[in-house]
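One-letter residues, chain by chain:
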Amino acid sequence: MSSENLSQTPEQQGRKPRVAVVFGGRSSEHAISVVTAGAVLRSIDRAKYEVLPIGITTDGRWALTADEPERMAIADRKLPSVEELADSEDGAVVLSVDPASRQVVYTEPGAVPKALGEVDVVFPVLHGPYGEDGTLQGLLELSGIPYVGSGVLASAVGQDKDYMKRVFTSFGLRVGPYVTIRPREWEADRDAARGRILDFAAEHGWPLFVKPARAGSSIGITKVDDASGLDAAVKEARRHDPKIIVEALLRGREIECGVLEFEDGPRASVPAEIPPVSSHDFYDFEAKYIDSASGIVPAPLTPEQTAEVQRLAIEAFEAASCEGLVRADFFLTEDGSFVINEINTMPGFTPISMYPLMWQKTGIEYPELVDRLIQAALRRSTGLR
């Protein structure tokens, strides 16, 4: 594909835009990414776009997969995987890093590489490290291929809860009390690191939430009621990320708000509330995806509270230099103020996920939401912007 052709839109070249849906990945959120991809594939307008599903296995191989979204759902509490969907056990998809070419090539051992054609936009539905954290976004920048969602910096900030909170604080957004334990701290002097957490607990009280600093979908999070459970919680969090963050309990209501990029800038959805889940200590992975605990949309807030959380969600979007979409999570505390907990630059996008549900209640159905995200990506160039 010549650089002259790249300057033309797919429509000017007499064809439909080609969308590569990239999913799976090496993080502990692999299965949820597969579920998300199934929902996106079901909803892309095939009369408007050509679609190329590309799965990334848990060991990092890019695999060509069948366009069969019905195989990408959670069935009988069993989580799907790219390994089950891949066309071959050893074939690999290779993305060109030449910005003058957007060709995708498929290779198999002992066979001549096969060109799969060019890609106009990538829809990455990866969650967690090695996909949502700026790594894939950097590859796509090198390749010169537009993509859905935030760029390298915003993706990295949005994945790291420590630096995310630092950015929010610098922009005047209120965050809750937390302490970060970096890998070298825990490995060099475990007693000193544990002592920092205990000092934090003495100041802010129990329970505490021990989390991987760079994971999502509530994976690896433990609610710790006293010092006796601390080491096990740290071990569980470090199983997913050697860097951990410990947060104080914020008493209040959990409120979420979606942000979507329109032609004239970002707009906020109606907010949702995540009520306490009686069968779970908190809104953890099983509550979200296995037991399908649901939120209240729209959240029962006053008009003033709704306007305030929408304003803050857009402020968080702008503070982290986000693009495309974000889900912003808040606590409405007992004193009536909002505290931002985190943002997700590629939030859960399954049929039961809060982000699409909030936009549905705002007036944008799932297929239109997918289309708007693709169109926003096609309007943007790669590189500095």
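A brief structural summary.

Cut-offs and rules
Sequence positions are assigned chain by chain, starting from 1 and proceeding in written order. Given that this is a predicted model, residues contribute local features only at a pLDDT of at least 70 and side-chain atom pairs are listed and counted only at 80 or more, while totals for whole chains, interfaces and linings are drawn from all residues. Only hydrogens and water are removed before side-chain values are computed, so all heavy atoms of the structure are retained for them. Numbering of helices and strands starts at the N terminus; helices are DSSP runs of H or I of at least 4 residues and strands are runs of E of at least 2. Our radius of gyration looks at C-alpha atoms and nothing else; its globule reference is 2.2 Å times the residue count to the power 0.38. When checking whether two residues touch, look at their non-hydrogen atoms; a contact exists if any pair is within 4.5 Å. Here, Shrake-Rupley sampling with a 1.4 Å probe gives the accessible areas, and only protein chains in the shown set may cover a residue. Under the counting rule used here, the positive set is Lys and Arg, the negative set is Asp and Glu, and His together with the chain ends is not counted. For this purpose, a charge sits on NZ of Lys, CZ of Arg, CG of Asp or CD of Glu. Any two strands with at least two DSSP-identified bridges between them are counted as paired. Comment: axis = line fitted to C-alpha atoms, over the contacting stretch for helices; angle = value between 0 and 180 degrees taken between N-to-C directions. Only protein chains enter the area calculation, which uses a 1.4 Å probe; residues under 20% of their type maximum are buried, those over 50% are exposed, and those in between are partly exposed. Ring pairs are drawn from Phe, Tyr and Trp, using the six-membered ring of Trp, whenever the two centres fall within 6.5 Å, and their geometry is named by plane angle: stacked under 30 degrees, edge-to-face over 60, tilted for the rest. Lysine NZ or arginine CZ positioned within 6 Å of the ring centre and within 35 degrees of the ring normal marks a charge as sitting over the ring. What makes a nonpolar core is a set of buried Ala, Val, Leu, Ile, Met, Phe, Trp, Tyr and Cys residues whose side-chain atoms join them at distances within 4.5 Å. How far a helix is expected to stretch is found by multiplying one less than its residue total by 1.5 Å.

## A look at the overall build of the protein chain
Here's step 1: Along the backbone of the protein chain there are 13 helices and 16 strands.
Here's step 2: Here the protein chain has a C-alpha radius of gyration of 21 Å; the compact-globule value for 385 residues is 21 Å, and the two agree.
Here's step 3: For the C-alpha atoms alone, the extent of the protein chain along its principal axes is close to 65 × 50 × 45 Å.
Here's step 4: In the protein chain, 66% of the contacts between residues at least 6 apart in sequence involve partners at least 24 apart.
Here's step 5: Only carbon and sulfur atoms are counted for the fraction: they give 51% of the accessible area of the protein chain, which is about 16,400 Å².
Here's step 6: Computed over 40 positive and 58 negative side-chain charges, the separation of the two mean positions in the protein chain equals 1 Å.

## Examining the sheet that holds strand β5 (residues 103–107)
Here's step 1: Spatially, β4-β5-β6 is the arrangement adopted by the 3 strands of the open sheet, whose pairing is antiparallel. The open sheet has two free edges, formed respectively by β4 (92–95) and β6 (114–118), since each of these has just one partner strand. Ignoring which end each strand starts from, the neighbouring axes of this sheet average 25° apart.
Here's step 2: Here β5 pairs with β6 via 4 bridges, running antiparallel. Its bridge partner lying in β6, Val105 is registered against Ala115.

## Digging into the side chain of Glu342
Here's step 1: Tracing the backbone shows Glu342 in strand β16 (residues 338–344).
Here's step 2: Relative accessible area serves as the criterion here: at 13%, Glu342 is assigned to the buried category.
Here's step 3: Contact partners of Glu342, with chain neighbours within four places excluded, come to Lys161, Met164, Arg327, Ala328 and Asp329.

## Quick look at the packing of aromatic side chains
Here's step 1: What the rule picks out here adds up to 5 aromatic pairs.
Here's step 2: Ring centres of Phe123 and Phe349 lie 6.4 Å apart, and the angle between their planes is 65°; on these two criteria the pair is classed as edge-to-face. Of the two residues, Phe123 is situated in strand β7 (residues 121–124) and Phe349 in the loop between β16 and α12 (354–362); the sequence distance between them amounts to 226 residues. When sorted by exposure, Phe123 lands in the same class as Phe349, which is buried.
Here's step 3: Connected via pairs of aromatic rings, a cluster forms that spans Phe123, Phe349, Tyr355 and Tyr366.
Here's step 4: Arg26 extends its terminal NZ or CZ atom over the ring of Tyr130, reaching a point 3.9 Å from the ring centre.
Here's step 5: In this structure, Arg267 packs its charged tip against the face of Phe262, placed 4.0 Å from the ring centre.

## Things to note about the nonpolar core
Here's step 1: In this structure, Val21, Phe23, Val40, Ile44, Phe123 and Phe349 are the most contacted members of the largest nonpolar core, which totals 34 residues.
Here's step 2: Looking at this core, the element that brings in the most residues is helix α13 (residues 366–379), giving 6 residues.
Here's step 3: When near neighbours in sequence (up to four residues on either side) are disregarded, Phe123 contacts Val19, Ala20, Val21, Val22, Val40, Val148, Val370, Leu373 and Ile374.

## Quick look at helix α2 (residues 30–43)
Here's step 1: With 14 residues, α2 extends 20 Å from end C-alpha to end C-alpha; this agrees with the ideal 20 Å at 1.5 Å per step.
Here's step 2: Along α2, 13 of the 14 residues are buried, which leaves the element largely enclosed by surrounding structure.

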